[in-house]
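Inside the fold
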Amino acid sequence: MKITISQSPKNEGQTVTIGAWLANKRSSGKIAFLQLRDGTGFMQAVVAKSDVSEETFQLAKSMSQESSMYITGKIVEDTRSAFGYEMQVSDIELINEAIDYPITPKEHGTEFLMDHRHLWLRSKRQHAVMKIRNEIIRATYEYFNENEYVKIDPPVLTGSSAEGTTELFHTKYFDEEAYLSQSGQLYMEAAAMAFGKVFSFGPTFRAEKSKTRRHLIEFWMIEPEMSFVDHAESLEIQEQYVSFVAQSVLTNCKLELDVLERDTSKLEMIKAPFPRISYDDAVTLLKEKGFDDIEWGEDFGSPHETAIAEHFDKPVFITNYPAAIKSFYMKPDPERSDVVLCADLIAPEGYGEIIGGSQRIDDLELMTKRFEEHGLAGEAYNWYLELSKYGSVPHSGFGLGLERTVAWLSGVDHVRETIPFPRLLNRLYP
Ligand code: 4AD
Ligand code: MG
């Protein structure tokens, strides 16, 4: 019977065949230990000279890293490994030999690994990170489907921009000028007026010249948008969603978190409600902490965000930023027009901003004014202005950066390890 490594626990005691690659190997005298991987997991196979033909034993001892095979044997319990099972091999059929696989079990430099990303993905660590990414996506669909959101796909090629024009990727759309989407938000607002509660999940692009551990040029965003939901209610949705995702990863990715040596006590604390601090109070807090460089009205940088996050043991919402440093569509605080009804969610442990969100303007007069102030009047945005014209309602939404969330929950330092093929400043290969 052909099974996968992941199906081994329920096939204990059975003799089965698994299609696998050789991840690593050690042998001594009369026994060889093969570390198998098949995509679903990693498992040890034990080849004892006395159990197999001489030919099979020689094959097991000489097989090179990343050679592919069908391997047959009995699944038995193995209390020493985290996985808990291993195979007692009776036969091996080589499929293809791998010659001189470049990523050996020794240490390699980052640039070398990045140049071999197409192969690096096979490593146990990268496998664990991608499985956690997959679980975050799965839990996202579960959360929003359970809560009656409709999945809506905004376009990737657009003529409009939600987050300013400086970081756009330009492309030709036949004779027109087009951009790669930097956020689906404006389209999601249109969708919220048609479907009530919606969410999107798709790639977004920012030509940011930032070379930091938090910035990708191409990243994936989850963007919910909700009609008849105000700023305070949106924050409650955000903390529930993020808690649900974190707890799903804790429950369903135990092996992966173990591979990554993630301190899971930190993840256990990610439970709603999350603390909130206003931008005003955050500035005061920073000054108390000795940041003399920050003045009211300035945006926070990574060191500021990290210092604020360190003050709390959970993710923290920084709310009500100055209108001048935020996007045109954000609704002013009715009690104070110099700040807007928005929040950034800052992850603990220095992982930075993972969500940006706000209540949106729902008033035609104000939206028209903002259009003038931001020079948005023109054909590309007419459709968006029409949303304010035809029965707009209070509505709010947010964007969660998938890769930063993967980095945080996995405990990996740099977003380059959180997406299969990272697009970074100066890197389009592989
Ligand atoms: O804060 P941002 O720019 O918000 C928006 O784009 C809104 N239109 C979203 C909305 O309300 N629908 O981006 C949202 C999140 C950030 O909090 C961050 O997690 C992630 O997207 N992000 C990046 N992730 C990786 N690399 C980059 N260059 C990123 N820029 C933003
Ligand atoms: Mg932001």
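Residues numbered from 1 in each chain as written. Chains lettered and ligands numbered in written order. Predicted model: local features only at pLDDT ≥ 70, side-chain atom pairs only at ≥ 80, totals over all residues.

Under an unreviewed UniProt entry, the name given to the protein is Asparagine--tRNA ligase, and the organism recorded is Virgibacillus necropolis. Recorded in UniProt for the protein, the comment headed Sequence similarities (unreviewed entry) runs: "Belongs to the class-II aminoacyl-tRNA synthetase family." Per UniProt, the protein carries the Catalytic activity (unreviewed entry) text "tRNA(Asn) + L-asparagine + ATP = L-asparaginyl-tRNA(Asn) + AMP + diphosphate + H(+)". (UniProt positions renumbered as here; feature names shortened; annotations may be inferred.)

**Examining helix H13 (residues 402–410)**
Of all 9 residues in H13, 9 are buried; the element is thus mostly enclosed. Every buried residue belonging to H13 is among Leu402, Glu403, Arg404, Thr405, Val406, Ala407, Trp408, Leu409 and Ser410, and all of these are buried. Directly beyond the C-terminal end of H13, a positive phi value near 75° is found at Gly411. (Buried ≥ 20, exposed ≤ 12 C-beta atoms within 10 Å, placed from the backbone. Helix = DSSP H or I, 4+ residues; strand = E, 2+ residues; numbered from the N terminus.)

**Things to note about the site of ligand 1**
Residues in close proximity to ligand 1 total 23 residues, the closest being Ser183, Gln185, Gly356, Gly399 and Gly401. Of all elements in the fold, only strand E12 (218–227), strand E18 (352–359), strand E19 (395–401) and H13 reach the threshold of two or more residues within the shell around ligand 1. Here the shell around ligand 1 takes 5 residues from E18, the largest share from any one element. The residue inventory of the shell around ligand 1, partitioned by class, reads 8 nonpolar, 8 polar and 7 charged. (Near = placed C-beta within 6 Å. Nonpolar A, V, L, I, M, F, W, Y, C, P; charged D, E, K, R; others polar.)

**Observations regarding the sheet that holds strand E13 (residues 276–278)**
Through backbone hydrogen bonds, the strands of a sheet pair up, either in parallel or in antiparallel fashion. Taken together, 8 strands build an open sheet; the order of strands is E7-E11-E12-E19-E18-E17-E14-E13 and the sheet is mixed. Pairing within the sheet leaves two strands with one partner each, and these edge strands are strand E7 (150–151) and E13. With 5 bridges joining them, E18 and E19 adopt antiparallel strand pairing. Among the inter-strand pairings, Gly357 is bridged to a residue of E19, identified as Phe398. Sheet strands touched by helix H5 (residues 185–195): E7, strand E11 (197–205), E12 and E19. Its angle to E12, the strand with the most contacts, is close to 30°. Lying over the sheet, helix H10 (residues 302–310) contacts E13, strand E14 (316–319), strand E17 (342–347) and E18, oriented at roughly 75° with respect to E17. (Pairing = 2+ DSSP bridges. Contact = placed C-beta atoms within 7 Å. Axes fitted to C-alpha atoms, helices over the stretch in contact; angles between N-to-C directions.)

**Remarks on the packing of helix H9 (residues 279–288) against H10**
Closest axis-to-axis distance for the H9/H10 pair is 10 Å, and the angle between their directions is 90°. By the angle between their directions, the pair H9 and H10 is classed as roughly perpendicular. Of the residues in H10, those touching H9 at Ala282, Leu285 and Leu286 are His304, Ala307 and Ile308. Here the contact of H9 with H10 is composed, by residue class, of 5 nonpolar, 1 polar and no charged. (Parallel < 35°, antiparallel > 145°, perpendicular 65-115°, else oblique.)

**Some points on the nonpolar core**
In this structure, Ile132 and Ile318 are the most contacted members of the largest nonpolar core, which totals 72 residues. Ranked by size, the runner-up nonpolar core spans 22 residues in total, among them Ala60, Met63, Met69 and Val89. (Core = buried A, V, L, I, M, F, W, Y, C linked by C-beta atoms within 7 Å.)

**A closer look at the domain arrangement of the protein**
Structurally, the protein comprises domain 1 (2–96) and domain 2 (117–417). Between domain 1 and domain 2, the contact holds 4 residues from the first and 4 residues from the second. (Domains from an automatic or database assignment.)

**A few points about unusual backbone geometry**
A cis amide bond, omega 0°, links Ala272 with the succeeding residue Pro273. For the bond from Tyr429 to Pro430, the omega torsion is -5°, close enough to zero to count as cis. One non-glycine residue, Glu148, lies in the positive phi region at around 65°. Here Glu148 shows up in the loop between helix H4 (124–146) and E7. Residue classification places Glu148 among the exposed residues on the basis of 9 C-beta atoms within 10 Å. Positive phi is not limited to glycine here, since Glu349 has a value of about 60°.

**Examining helix H1 (residues 54–62)**
Residues Thr56, Phe57 and Ala60 constitute the buried set of H1. Down the axis of H1, the smallest arc covering the buried residues is 100°, so these residues share one side. Counted as exposed and oriented over 90 degrees from the buried face of H1: Glu54, Glu55 and Ser62. Here the buried face of H1 lies against strand E3 (31–37), strand E4 (42–48) and strand E6 (85–96). (Arc of directions from axis to C-beta.)

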